[in-house]
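Chain by chain, the residues run as shown.
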Protein chains: 2
Amino acid sequence: MDRPTVHDIAREAGVSLATVDRVLNARAGVRQKTIDKVNDTIARLGYVRDTSAANLARQRRYTFAFVLPEGPSQFAESIRAALRDAYSSQIADRLVLRIISVPANDPHAIVRALLSLDPRKLDGLALMVPETPQVRDALARIKQEGIAIVAMVSDLPNSPRDYFVGTDSIAAGRTAALLMGKFARKPGEILLATNSMRSRDSLERRLGFDAVMQADFPHLTVIPTIESFDDPERMEELVFGMLIRKPQLVGLYSMGSGNLSVLRALRRSTRVGEIPVIMHELTPPTRAALMANEVDAVIAQNVGHLVRSAIRVLRSLSDNLPIFEPQERLRIEIVLRENLPESG
Amino acid sequence: MDRPTVHDIAREAGVSLATVDRVLNARAGVRQKTIDKVNDTIARLGYVRDTSAANLARQRRYTFAFVLPEGPSQFAESIRAALRDAYSSQIADRLVLRIISVPANDPHAIVRALLSLDPRKLDGLALMVPETPQVRDALARIKQEGIAIVAMVSDLPNSPRDYFVGTDSIAAGRTAALLMGKFARKPGEILLATNSMRSRDSLERRLGFDAVMQADFPHLTVIPTIESFDDPERMEELVFGMLIRKPQLVGLYSMGSGNLSVLRALRRSTRVGEIPVIMHELTPPTRAALMANEVDAVIAQNVGHLVRSAIRVLRSLSDNLPIFEPQERLRIEIVLRENLPESG
DNA sequence: CCATAAATGATGTGCGTACCTCATTTCAAC
DNA sequence: GTTGAAATGAGGTACGCACATCATTTATGG
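Residues numbered from 1 in each chain as written. Chains lettered and ligands numbered in written order. Predicted model: local features only at pLDDT ≥ 70, side-chain atom pairs only at ≥ 80, totals over all residues. Heavy atoms only, no water.

With that settled, the discussion passes to the relation of the copies chain A and chain B. What relates the two chain copies is a rotation about an axis together with a slide along it. Once chain A has been moved 0.1 Å along the axis and rotated by 180 degrees, it coincides with chain B to within an RMSD of 0.2 Å. Considering both components of the superposition, the chain copies are consistent with a two-fold axis. Both copies present the same face, since 98% of the interface residues in chain A are matched by interface residues at the equivalent positions in chain B. (Least-squares fit on C-alpha atoms with pLDDT ≥ 70 in both. Contact = heavy atoms within 4.5 Å.)

Here's what the structure looks like:
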């Protein structure tokens with residue numbers, strides 16, 4: 001038997017098409033009793049609304065805004081590229097995308113950007129920003145307008161987000177540690193570098209990293225994390241200094257952005273290839289470093305998948321459809337020289 | 001401006017709707033000159049057929065057959081599970097799936113199964129079978145009926161397939177070698193095991209493995225591959241024997257199926273945790289072995305992605321739509337204890 | 001029992017496309 | 001120019017649903 005249609009529901013429930021329509025689209029003027037009757041029939045026949053026919057009839061458009069950190073971040077740039085890519089594929093069907101760039105470290109600017117969005121012209125919001133009280137409040141207001149909210153890359157656990165698309169940072173840190181432990185050739189110290197330990201991601205990665213190191217590799221010591229506070233020069237000099245002064249270093253883990261500075265320091269130190277190096281996120285520089293054997297492994301997430309997932313999830317949320325979890329679960333990818341994807 | 005419709009094309013081209021329809025659906029009775037005129041207008045306005053409206057109008061159904069190896073293969077089983085999963089998600093829209101199990105090593109049985117398919121009731125065919133001349137010929141016939149053909153997991157490079165969904169086996173072997181080289185703690189020999197080196201996959205993996213080993217890890221020697229010829233007991237005894245008699249073994253790589261036997265041999269040998277072990281495909285046993293630290297790494301492909309990709313590609317092929325390559329490119333995944341996906 | 005409001009039914013149109021029929025025009029060959 | 005075939009036009013119905021209008025029925029309170 002074919003999929004039941006609204007006609008089947010009407011006939012089986014003993015009501016008119018108009019009433020079925022009222023129930024389906026939550027219009028007013030139907031007794032609870034009738035609503036129940038129709039819903040029972042829907043459940044009984046296993047009716048599922050034909051989304052494409054519905055979208056055709058109502059000339060639906062999905063308008064989504066993506067809020068991304070501005071500035072020269074390679075990772076954010078790759079997300080922007082993935083969004084452009086997705087836009088020229090089938091998932092762009094009936095889709096209107098708006099990409100909004102905000103200064104990542106200025107909560108007020110982020111809030112201004114969020115509040116400048118016209119809720120009537122918006123169906124969903126995907127954001128990759130740090131969680132602050134200001135952002136949380138702004139999101140609460142947006143949520144009340146009935147707009148779907150998806151956190152990307154970094155979760156917003158205390159905000160009214162509907163979904164999180166990204167990887168578990170603690171698990172990513174644990175993965176890096178396991179890899180580092182297996183790669184390290186002798187006992188010694190492991191150097192960690194990041195822009196700022198105030199960022200949730202860096203913190204969680206460090207947490208995961210330490211946990212595995214302590215449990216499984218007691219012969220390796222994790223020394224205090226180097227922080228650059230978004231200053232590339234500072235990062236390079238700090239890492240360079242450590243590489244030069246500490247022969248007992250047996251591993252280097254770049255936890256966040258700042259990969260470029262770390263790579264420069266590494267090259268200047270002439271310790272390339274001597275100690276295992278692990279970084280995060282697959283970008284042109286890390287890709288090149290993998291190929292050149294300067295970096296042993298990159299922990300990454302598939303940004304193409306990331307943005308497609310965010311779009312699919314926002315779509316489902318907008319239509320109150322179930323989310324197909326297995327497809328939206330982002331993997332922690334381990335990328336070596338030999339399993340580099342052809343691009344992206 | 002909104003997307004142009006057939007009406008816009010008709011008006012702009014100065015022809016009637018009926019003619020546009022004739023051109024769009026390649027019906028007879030239109031002069032070449034008119035066809036060109038309409039196509040020019042289509043190109044000029046950037047018209048793209050609204051697939052969902054078209055599917056609605058013609059009550060389209062996509063009927064795809066999946067041909068998979070029968071028998072107790074964990075990997076094939078996980079593909080079947082992924083197909084069932086996909087069936088209850090959005091990508092199942094207008095989809096009719098048929099799963100056909102064939103004895104993988106009996107080309108004639110495979111051909112019989114292929115020829116038993118009614119081409120009029122089929123839009124696409126996805127298969128995971130070894131390439132033989134018989135299969136190749138049968139596929140040629142099926143292809144002539146206008147049915148889209150996708151090779152899954154193992155490519156069919158000499159057959160008239162339209163697309164391949166899967167990973168590059170040589171690269172997978174190279175990845176395993178790179179990992180093994182970095183994991184191995186001392187010089188020595190590496191043991192490889194597979195069901196049969198006659199299989200293209202095993203051959204290619206071995207090729208890739210050897211290439212990287214020779215180039216980057218000269219202190220490691222790859223000894224001749226153990227073949228079980230689909231006999232689990234034989235596999236277990238052979239691997240067990242090697243593990244016992246060869247203390248100079250410093251690594252174990254299970255290239256194909258037969259993981260269960262290898263695991264059993266490993267446990268009996270009491271060399272668990274002593275040498276790095278790498279296997280292929282994420283299945284319940286390899287997953288458990290990862291968690292138990294019996295296996296260090298699993299080289300895998302995401303079967304959920306695999307089947308969704310095959311479905312999407314078959315759809316696009318059926319409708320003569322472009323394939324969005326970045327989304328269909330399957331990655332060679334490296335799975336460790338710490339980045340195990342929650343399921344699947 | 002009536003008045004009134006609330007609930008429901010009946011019916012039509014449109015979304016963008018496919019597909020069908022029948023009438024009309026155009027073209028080419030003679 | 002006539003003729004016959006080929007090409008094109010005109011118009012309708014359908015797909016499954018959304019949305020609107022108006023008529024009719026049913027419940028509710030007095």
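Let's pick the thread back up.
Turning next to a nonpolar patch on the surface. Residue and element names in this part refer to chain A. Side chains of I170, L203 and L207 sit close together on the surface and give an oily, nonpolar patch of about 250 Å² of accessible area. Residue position: L207 is located in helix α9 (residues 200-216). Taking relative accessible area as the criterion, L207 reaches 52% and is therefore assigned exposed. (Patch = residues over 30% accessible without salt bridge, like charges linked within 9 Å, V, L, I, M, F, W, Y side chains within 5 Å. Areas by Shrake-Rupley, 256 points an atom, 1.4 Å probe, with all protein chains shown as cover. Salt bridge = Lys/Arg side-chain N within 4 Å of Asp/Glu carboxyl O. Helix = DSSP H or I, 4+ residues; strand = E, 2+ residues; numbered from the N terminus. Buried < 20%, exposed > 50% of the residue type's maximum accessible area, 1.4 Å probe, protein only.)

How two aromatic rings sit relative to each other is given by the distance of their centres and the angle of their planes. Residues and elements named next belong to chain A. One pass over the structure, following the stated rule, counts five aromatic pairs over all chains. Ring centres of Y62 and F64 lie 6.1 Å apart, and the angle between their planes is 50 degrees; on these two criteria the pair is classed as tilted. Residue Y62 shares its accessibility class with F64, and that shared class is buried. Above the ring of Y62, the side-chain terminus of R60 is found at 4.3 Å from the ring centroid. We note R315 situated over the ring of Y62; from NZ or CZ to the ring centre the distance is 4.8 Å. (Phe/Tyr/Trp six-rings, centres within 6.5 Å; stacked < 30°, edge-to-face > 60°. Lys NZ or Arg CZ within 6 Å of the ring centre and 35° of its normal.)

Residue and element names in this part refer to chain A. Here the phi dihedral of D230 falls at roughly 65 degrees; this positive angle occurs in a residue that is not glycine. Topologically, D230 is positioned in the loop between β8 (226-227) and α10 (232-245). D230 sits in the partly exposed class, given a relative accessible area of 47%. In this structure, T270 takes a positive phi of about 60 degrees despite not being glycine.

All names here are of chain A. The parallel open sheet is built from five strands, whose spatial order is β2-β1-β3-β4-β5. At either margin of the open sheet sits one strand with a lone partner, and together these are β2 (95-102) and β5 (163-165). Across this sheet, the average inter-strand angle for adjacent strands is 20 degrees, counted without regard to direction. Bridge count for strand β4 (residues 148-152) against β5 is three bridges, and the pairing is parallel. Pairing of A151 across the sheet is with F164, part of β5. Sitting on the sheet, helix α5 (residues 74-87) touches β1 (62-69), β2 and β4, and the angle it makes with β2 is about 165 degrees. (Pairing = 2+ DSSP bridges. Axes fitted to C-alpha atoms, helices over the stretch in contact; angles between N-to-C directions.)

Take the protein's contact with DNA strand C next. Contacts to DNA strand C come from 28 residues, most closely from A:T19, A:R31, A:T34, B:Y47 and B:R49. Looking at DNA strand C alone, sugar and phosphate atoms form 72% of those within 4 Å of the protein. Within the side chain of A:R22, an N or O atom sits 2.9 Å from a base oxygen of DNA strand C. In the environment of DNA strand C, a phosphate oxygen lies 2.8 Å from a nitrogen or oxygen atom belonging to the backbone of B:V6. At the level of elements, α2 (17-24) and α4 (51-58) of chain A together with α1 (6-13) and α4 (51-58) of chain B are the ones that each hand at least two residues to the surface near DNA strand C. (Near = heavy atom within 4 Å. Polar contact = N/O pair within 3.5 Å; in protein donor to acceptor, adjacent residues only side chain to side chain.)

Quick look at the nonpolar core now. A:L179, A:F209, A:M213, B:L179, B:F209 and B:M213 are the most contacted members of the largest nonpolar core, which has 54 residues in total. Beyond its immediate sequence surroundings of up to four residues, A:M213 is in contact with A:A177, A:M180, A:G181, A:I190, A:P218, A:L220 and A:V222. (Core = buried A, V, L, I, M, F, W, Y, C linked by side-chain atoms within 4.5 Å.)

A full pass over the atoms with the stated rule returns 63 salt bridges over all chains. B:E338 serves as the salt-bridge partner of A:R174, at 2.7 Å between the closest nitrogen and oxygen. Of this pair, A:R174 sits in helix α8 (residues 169-183) while B:E338 sits in the segment after β12 (333-335), placing the two residues on different chains. The salt bridge involving A:E338 is made with A:R337; its shortest N-O contact spans 2.7 Å. For A:E338, a relative accessible area of 12% gives the class buried. Judged by its relative accessible area of 18%, A:R337 falls in the buried class.

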